[in-house]
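# Working through the structure, step by step
If you want the building blocks of each chain, they are given just below.
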Amino acid sequence: MTSMLFYFLSLATASPEPVNDAITSTAAMAMKKVNSAAEHLDLMWSIFLFNSLAVITASVGNGLLPFIQNISIAELKVRAHHQKYTTFSVKVEQLFQLASTLIKDSTQRLDPGIARLRDQDNSETEDSIWKRAKYSKEHFRLLAYVIPYLIPVITLTLNGMLLGIMFSFFIFNGTLSSYNLIGPPGIGQGILFSVSYFLAFILPHGIIELPVIIMAGALGYRFARVYSDKIVEDKLLSGNEAESLEKDISYLNSIATEYIRSSYLRTMVSGMLILLLVAAYIETNITPNVARQVADLISRLLF
């Protein structure tokens, strides 16, 4: 819905041509990787490959992302012992301070766990690694809390935005063409034709593919919930020295490792890949025929 609103607001502030050109060029760029792979693979396998990468990233990859905290700890230790590097890092962080504050405040409204984390004791002793590194303990804990959510949220958001923009694109251009063809009565007919054609173009394979993508995002989100709740419930990463932080990170890494190695995840991913293969076959061999037949039928009924 947000992307549909964005599309129509774009049309209200600019002529349709540049908006539509931007969408078609973006869609062409998005499909370029699929078409490039299709030069070496069958189109069905190319579609399956890239959909599988998205699903594996949203589910399995989400369990790997928290390991980035090992790098964060190493960087914190470097800052604590090299003041020139610390000064440079602080200046870089100041450039993004406003954006960081907005993100923290907005996500706190969506997730009460962040409010609980910020309400905990995040004080820093004068001789702590936080003071030496000139870094906020609260900010470090918030970052550790949010990181696991990034991949599933981004995956589902981008797919939702893509569907919304393409749906709006179909409706606007179909309605405009119908209006130019038969005048004002064509508005309703154009909308009906566009909606029917869009659904026929998406549903045959999308009725399998879209739930699989949502399922992958749900798996990643569930892991993020378990992982992040541990940070709050056990008051992890609240220490004032590197040794304490490394111990907590090791414990969090064990949670991520258990998730990645779980038989449940393997079973779910295997099932999703099978469903994606079926969806890729339908998209390649059935969807184009269904869309064409629906377009012909609706055209005869309406026009």
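Thresholds, definitions, all that
- Within every chain, residues take consecutive numbers counted from 1 along the sequence as written.
- In keeping with the predicted nature of the model, local features appear solely for residues at pLDDT of at least 70, side-chain atom pairs appear and are counted solely at 80 or more, and the whole-chain, interface and lining totals rest on all residues.
- As a convention, hydrogens and water are excluded, and side-chain values are obtained from all of the structure's heavy atoms.
- For helices the rule is a DSSP run of H or I covering at least 4 residues; for strands it is a run of E covering at least 2, with both sets numbered from the N terminus onward.
- Exposure categories follow from relative accessible area, calculated using a 1.4 Å probe and restricted to protein chains: below 20% of the type maximum is buried, above 50% is exposed, and the middle band is partly exposed.
- We call two residues in contact whenever any of their non-hydrogen atoms come within 4.5 Å of each other.
- N or O atoms within 3.5 Å of each other form a polar contact, as long as, within protein, one can give a hydrogen and the other can take it, and as long as residues adjacent in sequence are counted only when both atoms are side-chain atoms.
- A pair is scored as a salt bridge if a Lys or Arg side-chain nitrogen falls within 4 Å of a carboxyl oxygen belonging to Asp or Glu.
- A helix's residues, less one, multiplied by 1.5 Å, set its expected span.
- Only buried Ala, Val, Leu, Ile, Met, Phe, Trp, Tyr and Cys residues count toward a nonpolar core, and they belong to the same one when joined by side-chain atoms within 4.5 Å.
- Structural elements are reduced to axes, namely lines fitted to C-alpha atoms, with helices fitted over the stretch in contact, and the angle between N-to-C directions of any two is expressed from 0 to 180 degrees.
- Should an angle fall under 35 degrees it is called roughly parallel, over 145 degrees roughly antiparallel, and 65 to 115 degrees roughly perpendicular, with every other angle called oblique.
- Following the grouping adopted for this structure description, the nonpolar residues are Ala, Val, Leu, Ile, Met, Phe, Trp, Tyr, Cys and Pro, the charged ones are Asp, Glu, Lys and Arg, and the polar ones are all others, Gly among them.
- Left-handed describes a crossing whose near helix is turned anticlockwise from the far helix through less than a right angle; right-handed describes the clockwise counterpart.
- The predictor's confidence in any single residue is recorded as pLDDT, a number from 0 to 100.
- Like-charged residues are merged into a patch within 9 Å and nonpolar side chains (Val, Leu, Ile, Met, Phe, Trp, Tyr) within 5 Å, provided each residue has over 30% relative accessible area and no salt bridge.
- The method behind every accessible area is Shrake-Rupley, applied with a 1.4 Å probe, and residues are considered shielded solely by the protein chains displayed.
- Fitting axes to the seven residues that end at a residue and to the seven that start at it, the angle between those axes gives the bend at that residue.

Helix and strand counts for the chain come out as 14 helices and 0 strands. From first element to last, N terminus to C terminus, the chain shows the α and β order α-α-α-α-α-α-α-α-α-α-α-α-α-α. Across the 303 residues in the chain, those meeting the buried criterion constitute 39%. Counted over contacts in the chain with a minimum sequence separation of 6, partners at least 24 positions apart contribute 77%.

On to the side chain of Ser 52. Within the secondary structure layout, Ser 52 lies in helix H3 (residues 43–64). Overall, Ser 52 belongs to the buried group, its relative accessible area being 7%. Polar contacts involving the side chain of Ser 52 include one to the main-chain carbonyl oxygen of Phe 48, which spans 2.6 Å. If near-sequence neighbours (up to four positions away) are discounted, Ser 52 is found in contact with Leu 273 and Leu 276.

This next bit is on the pattern of salt bridges. Under the definition given, this model contains 7 salt bridges. Between Lys 77 and Glu 246 there is a salt bridge, and its shortest N-O distance comes to 2.9 Å. Of this pair, Lys 77 sits in helix H4 (residues 69–81) while Glu 246 sits in helix H12 (residues 242–261), and the two are 169 residues apart along the sequence. Here Lys 77 falls in the partly exposed class, since its relative accessible area comes to 34%.

This paragraph deals with helix H11 (residues 186–233). Across its 48 residues, H11 extends only 59 Å between first and last C-alpha, which sits more than 12% below the 70 Å expected from 1.5 Å per residue. Directly after H11, the chain includes Lys 235, whose backbone phi takes a positive value near 50 degrees.

Below, the discussion takes up the nonpolar core. Judged by nonpolar contacts, the single largest core of 43 residues is most densely connected at Leu 237 and Leu 252. At 9 residues, the largest contribution of residues to this core is made by H11. Among residues more than four places away in sequence, those in contact with Leu 252 are Tyr 227, Lys 230, Ile 231, Leu 236 and Leu 237.

This part is about the packing of helix H9 (residues 137–146) against H11. Two numbers describe how H9 lies on H11: the axes approach to 8 Å, and their chain directions differ by 155 degrees. Compared by their axis directions, H9 and H11 come out roughly antiparallel. Residues Arg 141, Ala 144 and Tyr 145 of H9 pack against Arg 225, Tyr 227, Ser 228, Asp 229, Ile 231 and Val 232 of H11. Partitioning the contact of H9 with H11 into residue classes produces 5 nonpolar, 1 polar and 3 charged.

Before going further, it helps to examine the packing of H3 against H12. Running from amino to carboxyl end, H3 crosses H12 at an angle of 150 degrees, the nearest separation of the two axes being 8 Å. Compared by their axis directions, H3 and H12 come out roughly antiparallel. H3 and H12 meet at a crossing whose hand is left-handed. Across from Ser 59, Val 60, Gly 63 and Leu 64 in H3, the residues of H12 making contact are Ala 256, Tyr 259 and Ile 260.

Averaged over the chain, the pLDDT score is 86; the fraction of residues at 70 or greater is 90%. The weakest mean pLDDT in the chain belongs to helix H2 (residues 16–38) at 57; the strongest belongs to helix H13 (residues 263–285) at 96.

A cluster of nonpolar side chains, Val 78, Tyr 85, Phe 88, Val 92, Leu 95 and Phe 96, forms an exposed patch at the surface whose accessible area comes to about 610 Å². Relative to the elements of secondary structure, Val 92 occurs in helix H5 (residues 83–95).

For H3, built from 22 residues, the straight-helix expectation of 32 Å at 1.5 Å per residue is met to within 8% by its first-to-last C-alpha distance of 30 Å. The principal kink in H3, of about 40 degrees, is found at Thr 57. For H3, the full list of buried residues reads Met 44, Ser 46, Ile 47, Phe 48, Asn 51, Ser 52, Val 55, Ala 58, Ser 59, Gly 61, Asn 62 and Gly 63. Regarding H3, its N-cap is Asp 42, as a side-chain oxygen of that residue lies 3.0 Å from the backbone nitrogen of Met 44 further along.

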